[in-house]
Amino acid sequence: MTQTPVSPPARAEELPAFPMARTCPFAPPEGYAELRAQGPLTKATLWNGKETWLVTGYDLVRKLLQDPRISSEPPRLATIAASEDGQSTNFRTFVGMDPPEHGVYRRMLTSYFTVKRVQAMRPAIQRTADELVDGILATEGPVDLVEALAMPLATTVICELLGVPYADREFFHSRSSVAIQSSTAEEITSAFMDLYQYLDKLVTAKEAEPGEGVISRLVVEQLRPGALTHQELVNTAVLLLIVGHETSANMIGLGALTLMRRPDVVAELRADPELWPAAVDELLRYHSSADWLRRAAKEDIEIDGTVIKAGDSVIGLAAAANRDERFANADEFDIHRTERHHLAFGYGPHQCIGQHLAKAELEIAFGTLFDKIPDVVPAAELDELPFKHDATLFGLYRLPITFARP
Ligand code: HEM
């Protein structure tokens with residue numbers, strides 16, 4: 001498809017401020033459509049007065065995310081809030097590395113996240129979902145779906161995958177939510193330090209006596225032969241633990257809310273469960289809960305006559321690209337759409353390594369919830385629900401639900 005031509009850059013004083021807030025929980029920030037109408041590449045001003053390029057067009061987001069002149073290394077990236085300034089650069093993980101270093105980590109990890117591996121994990125995920133939803137059915141009184149299903153399911157899955165004790169979940173969840181919310185710089189640094197120390201001990205224990213899970217496998221296959229240092233392994237484990245549960249839990253909450261508001265769609269899905277994979281993809285596109293794909297230019301990059309200069313910050317907006325005209329009636333939630341190549345998992349070398357796992361978790365969570373409790377509905381009005389407007393990943397802090405009890 002053809003992209004709208006890139007518009008000439010606006011003068012600094014006319015630039016919109018970024019980030020923009022979501023005014024409707026089912027839509028990207030209102031300003032995105034306006035930006036996209038100006039062209040796929042526009043400029044905005046950040047909290048510190050610095051400028052960033054915003055990429056809102058689907059084709060251009062994909063193009064730039066796989067451009068070797070684009071970097072993911074933190075020192076070059078825009079800081080979205082004051083709290084991110086001056087954060088330790090010792091905490092390096094592969095999400096902030098460029099090729100070829102980045103590829104070394106991806107090759108170490110890919111085999112744990114293949115479709116086949118995830119397929120083998122499905123029965124365990126299903127058992128957990130069954131237990132959690134049965135627990136909801138057995139609860140008298142109000143139930144919060146985030147606490148009763150979204151968070152424990154996502155946490156159990158990542159704990160089993162990594163070999164992290166589930167009993168420690170309250171500790172690491174509390175620290176990782178601080179790390180991804182707009183807390184102060186000191187709070188974020190201290191949360192990362194706590195997580196680092198926790199996983200440092202765990203990795204040390206597994207070095208002495210490896211057990212089940214990805215951390216133990218990395219000890220045996222990478223650390224012992226000298227391909228990874230202890231610190232690199234701990235950093236990798238911190239990254240996997242944080243992103244591996246917060247992301248899926250947010251999407252389970254948001255997706256359940258959307259589905260509860262569409263009983264017609266739920267009835268269709270219950271009648272034909274083969275539609276679940278398409279429904280999950282559509283929920284991922286529709287919500288685009290991980291919106292900001294932060295990068296920087298390593299060299300000058302010319303796009304239709306406009307030059308992104310070396311050192312410039314570039315932010316691909318997944319939520320904007322996922323509402324591009326490439327998707328017919330993009331603002332509609334439509335589980336039958338044929339175009340499923342959304343950017344909710346990013347694109348290019350950093351595309352989400354856990355995407356097959358995430359999709360399996362979502363399919364199982366929704367399938368089990370609506371199978372066992374088809375009449376489940378939110379127990380609060382939309383404007384009473386606490387959405388995560390202050391976090392880097394959109395979601396819900398709580399989702400009270402209700403249903404007819406026998
Ligand atoms: C619905 C759930 C999820 C969403 C929406 C999501 C979204 C994303 C996005 C957008 C990126 C790209 C970031 C970028 O390019 O800057 C990413 C990367 C990543 N995701 Fe996910 N993710 C989800 C679940 C998971 C799970 C379950 C894991 C499991 C551990 C995971 C692990 C990762 C890792 C390690 C990266 C970095 C990959 C790299 O830099 O090479 N994600 N994710």
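Going along each chain's sequence as written, the residues are numbered from 1 onward. Per-residue local features of the predicted model are confined to residues with pLDDT of at least 70, and side-chain atom pairs are confined, for both listing and counting, to 80 or more; whole-chain, interface and lining totals are unaffected and use all residues. The basis for every side-chain value is the complete set of non-hydrogen atoms in the structure, without hydrogens or water.

Looking at this structure, I do not really get the overall build of the protein. What am I missing?
Here a helix means four or more residues in a row that DSSP labels H or I, a strand means two or more in a row labelled E, and each is numbered from the N terminus. Secondary structure assignment for the protein yields 13 helices and 10 strands. Here the C-alpha atoms of the protein give a radius of gyration of 21 Å, agreeing with the 22 Å that 2.2 N^0.38 yields for 406 residues. Taken over the C-alpha atoms alone, the protein extends approximately 65 × 55 × 40 Å along its principal axes. Split into buried and exposed, the 406 residues of the protein put 53% on the buried side. Looking at the protein alone, contacts between residues at least 24 apart form 72% of all its contacts between residues at least 6 apart. For the accessible areas, the method is Shrake-Rupley and the probe is 1.4 Å, while residue cover comes only from the protein chains on display. A total accessible area of about 18100 Å² is found for the protein, and carbon and sulfur atoms account for 52% of it. By the counting rule applied here, Lys and Arg register as positive and Asp and Glu as negative, while His and the ends of each chain are not counted. For this purpose, a charge sits on NZ of Lys, CZ of Arg, CG of Asp or CD of Glu. A distance of 4 Å separates the average location of the 39 positive side-chain charges in the protein from that of its 57 negative side-chain charges. In this treatment the radius of gyration is a C-alpha quantity, and the globule benchmark scales as 2.2 Å times the residue count to the 0.38 power. Relative accessibility decides the category of a residue: with a 1.4 Å probe and only protein chains considered, values under 20% of the type maximum give buried, values over 50% give exposed, and everything between is partly exposed. Whether two residues are in contact is decided by their heavy atoms: any pair within 4.5 Å suffices.

Sorry if this is basic, but what is going on with helix α1 (residues 31-38) here?
The complete set of buried residues in α1 reads Tyr-32, Leu-35 and Arg-36. The arc enclosing the buried residues of α1, seen along the axis, measures out at 100°, which places them on a common side. The exposed set on the far side of α1, more than 90 degrees from its buried face, consists of Glu-34 and Ala-37. Where α1 is buried, its residues touch β1 (41-45), β2 (51-55), β5 (292-297), β8 (313-317) and α12 (318-321). Following α1 by one or two positions, Gly-39 adopts a phi angle in the positive range, close to 140°. As used here, the arc belongs to the directions running from the helix axis to the C-beta atoms.

Would you take a moment to explain the sheet that holds β1 for this structure?
Note: two strands are recorded as paired if DSSP finds a minimum of 2 bridges between them. Ordered in space as β1-β2-β8-β5-β3, the five strands form an open sheet in which the pairing is mixed. Of all the strands in the sheet, just β1 and β3 (70-71) have a single pairing partner and so form its edges. Across two bridges, the pairing between β3 and β5 is antiparallel. When the bridges of β5 are listed, Ile-70 appears paired with Ala-297.

Can you help me understand the nonpolar core in this one?
Within soluble globular proteins, side chains that are nonpolar tend to cluster in buried spots. Throughout this description, the term nonpolar core refers to a set of buried Ala, Val, Leu, Ile, Met, Phe, Trp, Tyr and Cys residues connected via side-chain atoms within 4.5 Å. By size, the foremost hydrophobic cluster in this structure holds 94 residues, and its most contacted members are Leu-109, Val-164, Leu-199, Leu-259, Phe-366 and Leu-399. When residues of this core are assigned to their parent elements, the largest contribution, 16 residues, is made by helix α9 (residues 230-260). The contacts of Phe-366, once residues within four sequence positions are left out, are Met-251, Ile-252, Gly-255, Ala-256, Leu-259, Trp-276, Val-280 and Leu-283.

Which parts of the structure should I look at to understand the packing of helix α11 (residues 276-287) against helix α13 (residues 355-372)?
When two helices pack together, you describe them by how their axes are tilted relative to each other and by the distance separating the axes. The axes used here are C-alpha line fits, helices contributing only the stretch in contact, and every angle between their N-to-C directions lies in the interval 0 to 180 degrees. Contact geometry for α11 and α13: axes closest at 10 Å, N-to-C directions at 110°. Comparing their axes, α13 and α11 come out roughly perpendicular. As for the relative orientation of α11 and α13, their crossing is right-handed in sense. Where α11 abuts α13, its residues Trp-276, Pro-277, Val-280, Asp-281, Leu-283 and Leu-284 lie against Lys-359, Leu-362, Glu-363, Phe-366, Gly-367 and Phe-370. Working rule for angles: under 35 degrees goes down as roughly parallel, over 145 as roughly antiparallel, 65 to 115 as roughly perpendicular, anything else as oblique. Left-handed describes a crossing whose near helix is turned anticlockwise from the far helix through less than a right angle; right-handed describes the clockwise counterpart.

When you look at empty space enclosed by the protein in this model, what are you seeing that I'm missing?
Rolling a probe over the atoms, with the probe sized like a water molecule, indicates the empty space that remains. Here the term cavity refers to a set of points on a 1 Å grid, laid over the protein atoms alone, in which a 1.4 Å probe fits but cannot get out; the term pocket refers to an open set having protein on both sides within 12 Å along at least five of seven lines, with lining residues being those that place an atom within 4 Å of a point. Grid points are joined across faces, edges and corners, and a volume is the space filled by probe spheres set on the points. Scanning the entire structure with this criterion turns up two cavities of 30 Å³ or more. Of the voids in this model, the largest cavity is the one considered here, and its volume is about 40 Å³. For the largest cavity, the full set of lining residues is Ala-278, Asp-281, Glu-282, Arg-285, Asp-334, Ile-335, Arg-337, Glu-339, Arg-340 and His-342. Of the voids in this model, the second largest cavity is the one considered here, and its volume is about 30 Å³. Val-55, Val-61, Leu-64, Leu-65, Leu-293, Arg-295, Val-314, Ile-315 and Gly-316 together form the lining of the second largest cavity. Secondary structure elements with two or more residues in the lining of the second largest cavity: α2 (58-65), β5 and β8.

Can you help me understand the environment of Arg-22 in this one?
Following the sequence through the fold, Arg-22 ends up in the segment before α1. Owing to a relative accessible area of 10%, Arg-22 belongs among the buried residues under this scheme. Counting along the chain gives 227 residues from Arg-22 to Ala-249, while the straight-line C-alpha distance between them is 19 Å. Sequence-distant contacts of Arg-22, that is, excluding residues within four places in its chain, are made with Ala-27, Pro-28, Pro-29, His-287, Ser-288, Ser-289, Asp-291, Ala-319, His-389 and Phe-394. Distance and chemistry together define a polar contact, namely a pair of N or O atoms within 3.5 Å, with one atom able to donate a hydrogen and the other to accept it when in protein, and with adjacent residues in sequence counting only for side-chain atoms on both sides. Polar contacts involving the side chain of Arg-22 include one to the main-chain carbonyl oxygen of His-287, which spans 3.0 Å. There is a polar contact of 2.9 Å between the side chain of Arg-22 and the backbone oxygen of Ser-288.

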